[in-house]
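What the coordinates show
Listed below are the residues making up each chain.
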Amino acid sequence: SNAFEYALVNGLVLPNTISVLGTACFASAYITTLTIPPLVTVLPDYAFSYIQPVHNTETGEELPINIILPQNLTKIGSRCFSGASIKQIAIPDTVTEIGDIAFALCRQLESITCLAATPPALGTDALNTDTAGFPIKVPAASVAAYKAADGWKGYAGYIVAM
């Protein structure tokens, strides 16, 4: 838990032998690129809450946050990305559950791509971002299923085919 809290994470490569991440492991960290190891199947609660972008020290330019989720991921925990300064995220097709308030207060979020053909179970206010809305990209054949699924139907106006 809290292993990299407030750390500067610039291209960190975690060993492929890691299978479990602790609660709030990267909370409030400054991240450019981070690849989650392939054995990790659950992103714990608060894992990336309030992460911030790194700024180029010479130009002051904000570098985009790039978190690459593993193909075996099945669950995104509660408040996992709450308050994170992410602009986009791609959720693997293996994810079956997204926890409560997982993306709450992500005010810079511009799009979510959810690759699962079957809509994952969506926790309470999982996509509550306090923004005017953003596209939720899903497989074209699954648009109707997402728009009708519990939790997802509240975001039906934002669900689009990729």
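Structural data are supplied above this passage.
To start, this report covers the structure provided alongside it. Owing to the predicted nature of the structure, the values given are computational and were not obtained by experimental measurement.

**Observations concerning the pattern of salt bridges**
Oppositely charged side chains may form a pair once their charged atoms are brought near each other. Summed over the entire model, instances satisfying the criterion amount to three salt bridges. Across the salt bridge formed by Lys 87 and Glu 62, the nearest N and O atoms sit 3.7 Å from each other. Placement of the pair is Lys 87 in the loop between strand 8 (75–76) and strand 9 (88–91) and Glu 62 in the loop between strand 6 (52–53) and strand 7 (66–68), with a sequence separation of 25 residues. For Lys 87, a relative accessible area of 35% puts it in the partly exposed group. Exposure remark for Glu 62: the relative accessible area of 31% places this residue in the partly exposed category.

**Section: the nonpolar core**
A general trend in soluble globular proteins is that nonpolar side chains are found buried together. Counting 46 residues, the largest nonpolar core has Leu 43, Phe 48, Phe 81, Ile 86, Ile 98, Phe 103 and Trp 152 as the members making the most contacts within it. Counting residues per element, the ones that place at least two in this core are strand 9, strand 11 (111–114), strand 13 (136–138) and helix 1 (143–148).

**Quick notes on the sheet that holds strand 10 (residues 97–98)**
On the basis of which strands lie adjacent, the open sheet formed by four strands has the order 5-8-10-12 and parallel pairing. Lying at the two open borders of the sheet, with one neighbouring strand each, are strand 5 (42–43) and strand 12 (121–122). Of the pairings in the sheet, the one linking strand 8 to strand 10 comprises two bridges and is parallel in character. Bridge pairing in strand 10 places Lys 75 opposite Glu 97.

Basis of the calculations
Residues numbered from 1 in each chain as written. Predicted model: local features only at pLDDT ≥ 70, side-chain atom pairs only at ≥ 80, totals over all residues. Heavy atoms only, no water. Salt bridge = Lys/Arg side-chain N within 4 Å of Asp/Glu carboxyl O. Helix = DSSP H or I, 4+ residues; strand = E, 2+ residues; numbered from the N terminus. Buried < 20%, exposed > 50% of the residue type's maximum accessible area, 1.4 Å probe, protein only. Core = buried A, V, L, I, M, F, W, Y, C linked by side-chain atoms within 4.5 Å. Pairing = 2+ DSSP bridges.

Keep in mind these values describe shape, not function.
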